[in-house]
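Topology and contacts: notes
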Amino acid sequence: MTDGPERARLRTYLTGAKDEASELAGKNWRQCGSILADTAEALRRGARQIRDGEGDGQDGGLSGMMADALLAAFEASSSSMEEKGTRLVAGGAALEDTARVMANAKAAEASMADLNQPPAYKAPASSPGAPPTPEEIQAEAGKRQAANQEMAAYNTARAEQEAAAAQWTQKLDAVFLGSIPPMKAIHGQPDPTEPPPSVPS
């Protein structure tokens, strides 16, 4: 059995793919993003209590420059947490999307049949001076037709398998490329303009 180039490429893509770990990481990132959003809202509520005071009579509220500085610091922290939380949620969603496509691609590749190319038809060697009988000619024609049909079925199955493998590779490319912007938003580093220095092995 020899894999076609597209199936071989898909297998290469899936080598080392850890869809379960990616899905778990995505869920964790989304949860952390939600925690940051909740913390940001708690800080805002706390800032309102500092400004307005507590209780029915609203006693104890702060005012003046100190209160303004404190409220501004709370708002800056809240906004920063909220922004980071939103980025983590987007990154988590990207990880989960990637995990889903990887898992589906693995299942699709695993369900692909191992195709073995049938041997090509080979005419029998004729004996000089002894022409084949009509029955032998008829039998040989049947063998040739069966071999040609088997080869055609193989070629069709291989072409379908190659097309399916190419589609899954394209889906993986799309989800990997789609994950880049949310990840860049999280780490905030620009793309490298030069290759990294080589590491001695």
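Residues numbered from 1 in each chain as written. Predicted model: local features only at pLDDT ≥ 70, side-chain atom pairs only at ≥ 80, totals over all residues. Heavy atoms only, no water.

Observations regarding the overall build of the protein
The cut-off we apply is this: A run of H or I in DSSP counts as a helix once it spans at least four residues, and a run of E counts as a strand once it spans at least two, with each numbered from the N terminus. For a compact globule the rule gives 2.2 Å times the number of residues to the power 0.38, and the radius of gyration it is set against comes from C-alpha atoms. Between buried and exposed lies partly exposed: a residue is buried under 20% and exposed over 50% of the maximum accessible area for its type, with that area taken using a 1.4 Å probe on protein chains only. We call two residues in contact whenever any of their non-hydrogen atoms come within 4.5 Å of each other. When charges are tallied, Lys and Arg are placed among the positive residues and Asp and Glu among the negative ones, while His and the ends of the chain are skipped. Where a charge lies is defined by one atom per residue type, namely NZ (Lys), CZ (Arg), CG (Asp) and CD (Glu).
Helix and strand counts for the protein stand at 4 helices and 0 strands. Mapped from its N terminus to its C terminus, the protein presents α and β elements in the order α-α-α-α. Against the globule reference of 17 Å for 201 residues, the protein gives a C-alpha radius of gyration of 33 Å, more extended than a compact globule. Projected onto its principal axes, the C-alpha coordinates of the protein cover approximately 120 × 50 × 20 Å. Burial statistics for the protein: of 201 residues in total, 24% are counted as buried. Considering only residue pairs separated by 6 or more positions, the protein has 87% of its internal contacts joining residues 24 or more positions apart. For the protein, the separation between the mean place of its 20 positive charges and that of its 28 negative charges on side chains is 4 Å.

A word on the pattern of salt bridges
Stated formally: What makes a salt bridge here is a side-chain nitrogen of Lys or Arg within 4 Å of a carboxyl oxygen of Asp or Glu, nothing more.
Scanning all chains against the criterion turns up 15 salt bridges. Close ionic contact of E109 with R7 constitutes a salt bridge, the shortest N to O distance being 2.9 Å. Here R7 lies in helix α1 (residues 5–14) and E109 lies in helix α3 (residues 64–111), a separation of 102 residues in the sequence. Residue classification places E109 among the buried residues on the basis of a relative accessible area of 12%.

So, the environment of A73
Turning to its location among the elements, A73 is positioned in helix α3. Between the C-alpha atoms of A73 and A47, which are 26 residues apart in sequence, the distance is 9.3 Å.

A word on the packing of aromatic side chains
To keep it simple, the criterion reads: Only centres within 6.5 Å qualify two rings of Phe, Tyr or Trp (six-membered ring in Trp) as a pair; their planes then separate them into stacked at under 30 degrees, edge-to-face at over 60, and tilted for everything else. Criterion for a charge above a ring: Arg CZ or Lys NZ at most 6 Å from the ring centre, at most 35 degrees from the ring normal.
Counted according to the given criterion, the structure contains 0 aromatic pairs. The cationic tip of K171 hangs over the ring face of W168; the distance from NZ or CZ to the ring centre is 4.2 Å.

A look at the packing of α1 against α3
For any two helices packed against each other, one specifies the crossing angle of their axes together with the interaxial distance. Defined as follows: Axes here refer to lines fitted to C-alpha atoms; in helices the fit is confined to the stretch in contact. Angles between the N-to-C directions go from 0 to 180 degrees. Should an angle fall under 35 degrees it is called roughly parallel, over 145 degrees roughly antiparallel, and 65 to 115 degrees roughly perpendicular, with every other angle called oblique. By definition, any crossing whose near helix is turned counterclockwise from its far helix by less than a right angle is left-handed, and any crossing with a clockwise turn is right-handed. Classification used: nonpolar for Ala, Val, Leu, Ile, Met, Phe, Trp, Tyr, Cys and Pro, charged for Asp, Glu, Lys and Arg, polar for all others including Gly.
The interhelical angle for the contact between α1 and α3, taken along N-to-C directions, is 135 degrees, at an axis separation of 11 Å. Comparing the axis directions of α1 and α3 gives the class oblique. The handedness of the crossing between α1 and α3 comes out as left-handed. In this structure, α1 contributes R7, L10, R11 and L14 to the contact, and α3 contributes M102, A105, K106 and E109. Tallied by class, the residues present in the contact of α1 with α3 amount to 4 nonpolar, no polar and 4 charged.

Considering the confidence of the model for the protein
Applied cut-off: The predictor attaches a confidence to each residue, and that confidence, scored 0 to 100, is pLDDT.
Across the protein, the average pLDDT comes to 87, with 92% of residues at 70 or higher. Ranking the helices and strands of the protein by mean pLDDT puts α1 first, with 94, and helix α2 (residues 19–52) last, with 90.

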